[in-house]
Amino acid sequence: MGNCFSERRVVVTGLGLVTPLGQTLDAFWQNLVAGRCGIDRITRFDPSAFETRIAAEVRDFDPTPAFPSPRDVRRADRFSQFGIYAAWAALKDSGADLDRLDRNAIGVIIGSGIGGLETTTQQHKILLERGPGRLSPFMIPMLISNMPSGIFSMHHGLRGPNFATCSACATANHAIGEAFRTIKSGDAVMMFAGGAEATIVPIGIGGFCAMKALSTRNNDPAHASRPFDRERDGFVMGEGAGVLVLEELSHARKRGAKIYCEIVGYGNTADAHHLTAPSPGGEGAARCMEMALRAGRLNPEDVSYINAHGTATPLGDVAETLAIKTVFSQHARRLAVSSTKGATGHMLGAAGAVEMIACCLAVQHGVVPPTINYEFPDPDCDLDYVPNTARELRIEAFINNSFGFGGHNASIAARRFTG
């Protein structure tokens, strides 16, 4: 299928998403750069008994355009519906005519941090109330995390490499990185890669509340997610999906595809430190970014922008700041660093892909999205977080960071495509 590993170049040619800020690229981007927030009181269930009663929900979602029939929609959990819709939208955006391409060389990696939590909850209730004989035969295929990848490939006859990543909040970046490597190695010419999550259900919110991970700023939802701000008190749950089309450069050129950017590096490390807390000095995150830069043959000074993991947790934001300083040294002060989770909430296994899409759009438009709700500087977080207002900036190269519970780190390095 082409050249050796080092010579094959990988570009992004399609974007699709489902987010609390919008379900089209235009709506998402306009709301993001305007500093709007998708967080409000939970409406999917009565949250009054919970310590946290707010989340970033996807409202008015209709998955049917991405499915062959309404019956197929009913047989997919909400997270799968998000992922399959985002992949369908990315396919449309890419302009690829699959009938003219080799479907054996097109693959899918769409991950999820948690999978079909809604199905699990509903079927467990049926088990307790009505017994095992009333469980749905679709229960297992609906709840397992690989189903967005599997179903999307079935819908479109994509017979290339196909699996799902599952590494908590690093899931989608791992999917993109593994898709990048799959194309580099010659095992595919096109990959759909990203993540999907739908955990705004009672057990999902309750479990994260029990960990004391979520913001309890219930009376002020729009200002609850506060990345890098001194008053941050935890993340806010989001939901949705993001999927990107990655493509080998000569394949993309041959079909006249538009190109958003070129992915050049991927970092993948472990903290090996703690179940949920990052290593205090951000050592694992630093090694991850260094790995991505090295793979992409980028100097730290080449990078203009970092889309930070920036979840608004007390420990995480400090560790990431320290990691950026370690890797970029004096250049860290000149970097634009923003977290879009103030606007979207934390979409867990989907976060990295939606944030990668934000990076692609930032390169295209020459605008860096802001870190909203940044009001009170934290002396331990002292970089340029692009506070509250989007900024015009020509981005030559960027890094997208995602770090997950379990100590998983994933960084993607990409640059403006110059031919």
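Our focus in this paragraph is the overall build of the chain. Regarding its fold elements, the chain presents 13 helices and 14 strands. The C-alpha atoms of the chain give a radius of gyration of 20 Å, which matches the 22 Å a tight globule of 419 residues would have. With respect to the principal axes defined by its C-alpha atoms, the chain has extents near 60 × 55 × 40 Å. Relative to its full complement of 419 residues, the chain shows a buried share of 61%. For the chain, restricting intrachain contacts to residue pairs at least 6 apart in sequence, the fraction spanning at least 24 positions comes to 79%. For the chain, the exposed area adds up to about 15,800 Å²; of that, 51% sits on carbon and sulfur atoms. Here the chain contributes 40 positively and 42 negatively charged side chains, and the mean placements of these two sets differ by 4 Å.

Among all positions in helix α8 (residues 202–210), only G204, I205, F208 and C209 are buried. Seen end-on, α8 carries its buried residues on one side only, within an arc spanning 130°. α8 presents I203 and A210 as exposed residues on the side facing more than 90 degrees away from its buried surface. At its buried positions, α8 is contacted by α4 (117–130). Immediately beyond the C-terminal end of α8, within one or two residues, lies K212, with a positive phi of roughly 65°.

All right, on to the nonpolar core then. Within the largest apolar cluster, 49 residues are counted, with the highest numbers of intra-cluster contacts made by V12, L15, I176, L244, L246, I263 and F398. The leading source of residues in this core is helix α13 (residues 351–365), at 11 residues. For I263, the contacting residues outside a window of four places in its chain are V10, V12, I176, F180, L246, M356, I412, A413 and A414. F67, A86, M147 and V243 belong to the second largest nonpolar core, which has 36 residues in total.

Taken together, 10 strands build an open sheet; the order of strands is β5-β4-β6-β7-β1-β8-β14-β13-β9-β10 and the sheet is mixed. This sheet does not close on itself; its edge strands, each paired only once, are β5 (162–163) and β10 (336–338). In terms of strand pairing, strand β9 (residues 305–307) meets strand β13 (residues 397–404) through three bridges, oriented parallel. In the sheet register, N307 faces β13, and the bridge partner there is N400. In this fold helix α10 (residues 283–295) packs onto β8 (261–270), β9, β13 and β14 (408–415), with an angle of close to 145° to the strand it touches most, β8. Contacting β9, β10 and β13, helix α11 (residues 314–328) runs over the sheet at an angle of about 140° to β13.

As a further point, take the side chain of S338. Relative to the assigned elements, S338 resides in strand β10. Overall, S338 belongs to the buried group, its relative accessible area being 0%. Within the local environment of S338, its side chain forms a polar contact with the backbone oxygen of P369, the two atoms lying 2.8 Å apart. If near-sequence neighbours (up to four positions away) are discounted, S338 is found in contact with Y305, I306, N307, A308, V368, P369, P370, T371, Y385 and V386.

Running from N to C, helix α1 (residues 25–33) and α13 point in directions that differ by 80°, and their axes come no closer than 11 Å. The angle between the axes of α1 and α13 places the two elements in the roughly perpendicular class. Contacts between α1 and α13 involve L25, F28, W29 and L32 on the former and, on the latter, V354, I357, A358, L361, A362 and H365.

Calculation notes
- Residues numbered from 1 in each chain as written.
- Predicted model: local features only at pLDDT ≥ 70, side-chain atom pairs only at ≥ 80, totals over all residues.
- Heavy atoms only, no water.
- Helix = DSSP H or I, 4+ residues; strand = E, 2+ residues; numbered from the N terminus.
- Rg over C-alpha atoms; globule rule 2.2 N^0.38 Å.
- Buried < 20%, exposed > 50% of the residue type's maximum accessible area, 1.4 Å probe, protein only.
- Contact = heavy atoms within 4.5 Å.
- Areas by Shrake-Rupley, 256 points an atom, 1.4 Å probe, with all protein chains shown as cover.
- Lys, Arg positive; Asp, Glu negative; His and termini not counted.
- Charge placed at Lys NZ, Arg CZ, Asp CG, Glu CD.
- Arc of directions from axis to C-beta.
- Core = buried A, V, L, I, M, F, W, Y, C linked by side-chain atoms within 4.5 Å.
- Pairing = 2+ DSSP bridges.
- Axes fitted to C-alpha atoms, helices over the stretch in contact; angles between N-to-C directions.
- Polar contact = N/O pair within 3.5 Å; in protein donor to acceptor, adjacent residues only side chain to side chain.
- Parallel < 35°, antiparallel > 145°, perpendicular 65-115°, else oblique.

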